[in-house]
Each structure stands twice: as C-alpha cells, then as structure tokens.
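Secondary and tertiary structure notes
Spelled out, the chains give:
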Amino acid sequence: MTHAVITGTGLFTPPHAIDNAALVAAFNAWVDAENARRAEAGVEERLEHSSSDFIVKASGIHSRYVMDAEGILDPERMRPRLAPRGNDEPSIQCEMGLAAAREALESAGVAAGEIDLVIVACSNLERPYPAVAVELQAALGAGGYAFDMNVACSSATFAIETAANAIRAGSIQRALVVNPEICSAHLNFRDRDSHFIFGDACTALVLESDAVASAETRFEILGTRLTTRFSNAIRNNAGFLDRVTDSDPLATDRLFVQEGRRVFKEVCPLVAALITDHLASLELAGDDLARLWLHQANRHMNDLIARRVLGHDPQPEQAPIILDRYANTSSAGSIIAFHLHRHDLSSGALGVVCSFGAGYSAGSVVVRRQ
C-alpha cells in the first residue's frame, strides 16, 4: 500500500507586527471619537475601551503579524491598506504562497516541477477565479493540476486529507498544500470583542509517496478524519451576491462575526471527541501522543481540548502555543505550530495536527515521525 508522508514545511511571516498596546491605543482613540459623536447626536449608549489585560485574559494573544499595520492603526481607517494589483501582476496571496512554498520544497528536497498537485486552502480567497492555486502553480513552475478550497479554519487539514488520498490512490506522487491567510482584511477592528483575534501568515506543506520521498525528516500520515456540523455561530456574509441583493458591502456582517461563548461550548467537545475517536480507530490513545499541534484560535480552547485528549494538563511542549505572537491565523495556525515544533521529536513519535472553526468544521491528521 502507498503511504503518504509529510516531507517539508514552509512559513511566510508578514513584515509588520502589532502588539496589544498599539492595537488598544488605536481602538480606544476611535472609541473616544465615536463616543463624542454619539454625545453630540444625543445618543446615550457609550462604547467601552479595550485593554491589553482584557485581550490576554480572553485569548492569550499578545501580538500579531499583519500585511499592513499603518491602516489598521489609523483610527480613521482601522483596516489594512493593500494596494490593488493589476491583472498581470502576482496576486498578494500568490506572493505569500511562493515564499512559504519555496521553503517547504527546499526542506523536502523536491523541485517545483516534480509537484503533481497544488491546493491553495484558506478561509478567504483573493478572488473567485482564476484560482489562486493555478496562479501559484504557474509561478512555481509546478506540474499536474491545481485548485482552491475553503473550509475556513479547517482548510489545511481538509486539504491534507485530499492530497494524501490522491497519493494513496496512486494518481499523484507529490502534492503541495498552501494556506495564505490575510485574516486582517475580514476583521472588524472596531468590535471590542474581536478586534484582537486575527493575524496574517502563510504556510506550506509538501506531501509525497513514501516510495519517492528522499527527505531525511518525514512524518507518515497514519490516518485522517474530518467532520462538519452546520452552525451560524461563526460567520462572514460577504459574497458575490451583495451587488444583486443590494446589500451594504460595509455592513458589519460582511466581516468576521461570532458568538464566542457559544463557540467555546460547542466546538471544544466536538474537537476532543473527533481526536479521541480517531485515535481509537487506529488503536491509539491520548497517552500515545508526544505532541498535539492544535488550531491556534484561543488559549483556553487549546488547553481544554488538550486536557480532554491527553487526560491531564498538557506540558508546554505537548501542545505548543504560537498564538501568543501570531494570534489566530485561521487555517495556517496548526501548521505554524507543526512547522516550528516538530524537529525535536524522535523516530516513532506520534502526534496529531488538528484544525477547527467555522462550519463548524474540524480535521484530525495523525502522524508518526519516521
């Protein structure tokens, strides 16, 4: 039987970082101006300031990387400022993908021309068509075929299963999974409950048939399991029908909205059960795991899920956290954790890459270091 192995990873980190203090200062300046406008208009309701302590307590996030900081920190704008690209110029997500993909290919010892499949999987795509994946395929000089997919924060694990199944079936030998997330573009920086949540990043993975892989470090994919359950608790209503339904393109529901407490209560048991059941199907248990590379959305969610899977409070190295400095990077989060925290594992060590989010959706990938 053909086995799929992960042989390379790559990470693109944007050049701009915003710590909580700077983000809070911009938000509070806007709140003060907005409250002054409300007072002048005779509106009694007042908006509340944010604070670094509030952000850390709510999420565990201290900082985030973004494609543009200046526009976000401008109280009159409060959204990134990204210049439009001409049709003959590389798209922003293609450029991000190139950087991450080249690092992943180099670490795998694979030439771009040897890739048979490129999947660009992320929560928001720059355009409907042509596919960013096909653009990236051309920019890299990759072979085979390419397509985009969107399963929100679970996009990476869903793409991993898709690529691994193609390898197992023998239809391809090598695949590239890329996750270019510009989450700052869909975040409402004027919403106190969520203005701190997201950051930007791009990750890449090379998957190969074990028959052709040559990388010294590789992780065999022992199994994948996916689940979805419809929920409106996390939503973004922006879409191509806005112009024909006469919807306001600047309405708050055209950005990220969520019911945070409901998400916590509903998603944590869903994910813990997914991982536990997946392990049991492979005759494994939480005690067998050396590492959990979890989706990086909220520190409290990760701690609870890890505790339920492992059966005890996780040590820092068992369930590494990167959201403190990257924030929530949607589908890229669990892959950043895998990229940065896998090299110390010994041969035979077991781990789980797991992502979860809007949908609801969740994906579990059980791997073993060879």
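Residues numbered from 1 in each chain as written. Predicted model: local features only at pLDDT ≥ 70, side-chain atom pairs only at ≥ 80, totals over all residues. Heavy atoms only, no water.

Per an unreviewed UniProt entry, the chain carries the name Beta-ketoacyl-ACP synthase III and comes from Halomonas pelophila.

**Describing the environment of Phe 196**
Where we set the bar: Put simply, DSSP H or I for four residues or longer makes a helix, DSSP E for two residues or longer makes a strand, and each gets a number counted from the N terminus.
Within the secondary structure layout, Phe 196 lies in the loop between strand E6 (174–182) and strand E7 (200–209). Spatially, the C-alpha atoms of Phe 196 and Val 24 are 8.5 Å apart, while their sequence positions differ by 172 residues.

**Some words on the pairing of E7**
Put simply, the rule is: When accessible area is computed with a 1.4 Å probe and restricted to protein chains, residues below 20% of their type maximum are described as buried, those above 50% as exposed, and intermediate ones as partly exposed. In this scheme, strands are said to pair when DSSP sees at least two bridges between them.
Summarising burial for E7: ten of the ten residues are buried, a large majority. Because side chains alternate across E7, one face comprises the buried residues Asp 200, Cys 202, Ala 204, Val 206 and Glu 208, and the other comprises Ala 201, Thr 203, Leu 205, Leu 207 and Ser 209, equally buried. Sheet analysis places strand E1 (residues 4–12) next to E7, joined by eight bridges and oriented antiparallel. Across the sheet, Phe 12 pairs through a bridge with Cys 202, a residue of E7. Looking at chain direction, E6 and E7 are connected through nine bridges and run antiparallel. Each residue of the ladder has a partner; that of Glu 181, found in E7, is Ala 201.

**Description of the side chain of Arg 291**
Cut-off, in case you're wondering: By definition in these notes, contact holds between two residues if any of their heavy atoms fall within 4.5 Å.
One can find Arg 291 in strand E11 (residues 289–294). Under the relative-accessibility criterion, Arg 291 is labelled buried at 5%. The residues touching Arg 291, leaving out its near neighbours within four places in the chain, are Glu 317, Gln 318, Pro 320, His 341, Arg 342, Asp 344, Leu 345, Leu 350, Gly 351 and Val 352.

**Let's talk about the UniProt feature "domain: Beta-ketoacyl-[acyl-carrier-protein] synthase III N-terminal" (unreviewed entry) in the chain**
Condition: UniProt positions are given in the numbering used here, feature names are shortened, and annotations may be inferred rather than shown by experiment.
Residues annotated by UniProt as "domain: Beta-ketoacyl-[acyl-carrier-protein] synthase III N-terminal" (unreviewed entry) correspond here to residues 147–226. Secondary structure within residues 147–226 divides into 19% helix and 38% strand; the distance between the first and last C-alpha atoms comes to 19 Å.

**Section: the environment of Phe 147**
Checked against the element boundaries, Phe 147 lands in strand E5 (residues 145–149). Along the primary structure Phe 147 and Val 120 are separated by 27 residues, whereas in three dimensions their C-alpha atoms are 6.5 Å apart. Ignoring any residue separated from it by four or fewer positions in sequence, one finds Phe 147 in contact with Leu 117, Val 118, Ile 119, Val 120, Ala 133 and Thr 162.

**Quick word on the sheet that holds E11**
Counted only if it meets this: Angles here are taken between N-to-C directions and fall from 0 to 180 degrees, while the axes themselves are lines fitted to C-alpha atoms, restricted in helices to the stretch in contact.
If you trace the nine strands from one edge of the open sheet to the other, you get E5-E4-E6-E7-E1-E8-E13-E12-E11, paired in mixed fashion. Looking at which strands have only one partner, the edges of the open sheet turn out to be E5 and E11. Neighbour-to-neighbour, the strand axes of this sheet turn through a mean angle of 25°, independent of strand direction. Of the strand pairs in this sheet, strand E4 (residues 117–121) and E5 are connected by five bridges, and their pairing is parallel. Directly across from Ile 119, in E5, lies its bridge partner Phe 147. Along the sheet, helix H9 (residues 333–340) contacts E1, E6, E7, strand E8 (219–228), E11 and strand E12 (350–357); its crossing angle with E1, the most-contacted strand, is approximately 100°.

**Focus on the side chain of Asn 188**
As a reminder, the rule being used: Polar contact is defined as a pair of N or O atoms within 3.5 Å, subject to the rule that within protein one atom must be able to donate a hydrogen and the other to accept it, and that residues adjacent in sequence are counted only when both atoms are side-chain atoms.
Looking at the element boundaries, Asn 188 is found in the loop between E6 and E7. A polar contact of 2.9 Å, which involves the side chain of Asn 188, links it to the backbone nitrogen of Arg 190.

**Things to note about the packing of helix H1 (residues 20–41) against helix H2 (residues 52–59)**
Note the threshold: For classification, angles of less than 35 degrees are called roughly parallel, those exceeding 145 degrees roughly antiparallel, those between 65 and 115 degrees roughly perpendicular, and all remaining angles oblique. Less than a right angle of anticlockwise turn of the near helix away from the far helix marks a crossing as left-handed, whereas a clockwise turn marks it as right-handed. Side-chain classes follow a simple rule in which Ala, Val, Leu, Ile, Met, Phe, Trp, Tyr, Cys and Pro form the nonpolar group, Asp, Glu, Lys and Arg form the charged group, and the remainder, Gly included, forms the polar group.
As a packed pair, H1 and H2 sit with axes 9 Å apart at the nearest point and diverge in direction by 120°. Accordingly, the angle class assigned to the pair H1 and H2 is oblique. Between H1 and H2 lies a crossing of right-handed hand. Contact with H1, carried on its side by Asn 20, Ala 21 and Val 24, involves Ser 52, Ile 55 and Val 56 of H2 and no other residues of that element. Class assignment for the residues of the contact of H1 with H2 results in four nonpolar, two polar and no charged.

**Some details on the nonpolar core**
Short version of the rule: Residue types Ala, Val, Leu, Ile, Met, Phe, Trp, Tyr and Cys, when buried and joined through side-chain atoms within 4.5 Å, form a set referred to as a nonpolar core.
Within the largest apolar cluster, 52 residues are counted, with the highest numbers of intra-cluster contacts made by Ile 275 and Leu 292. At the level of secondary structure, the elements contributing two or more residues to this core comprise H1, helix H6 (260–281), E11, helix H7 (299–310), E12 and strand E13 (361–369). Tallying contributions element by element places H6 first for this core, with eight residues. Dropping the residues within four chain positions of it, Leu 292 is found in contact with Ile 275, Ala 306, Val 309, Leu 310, Gln 318, Ala 319, Pro 320 and Val 352.

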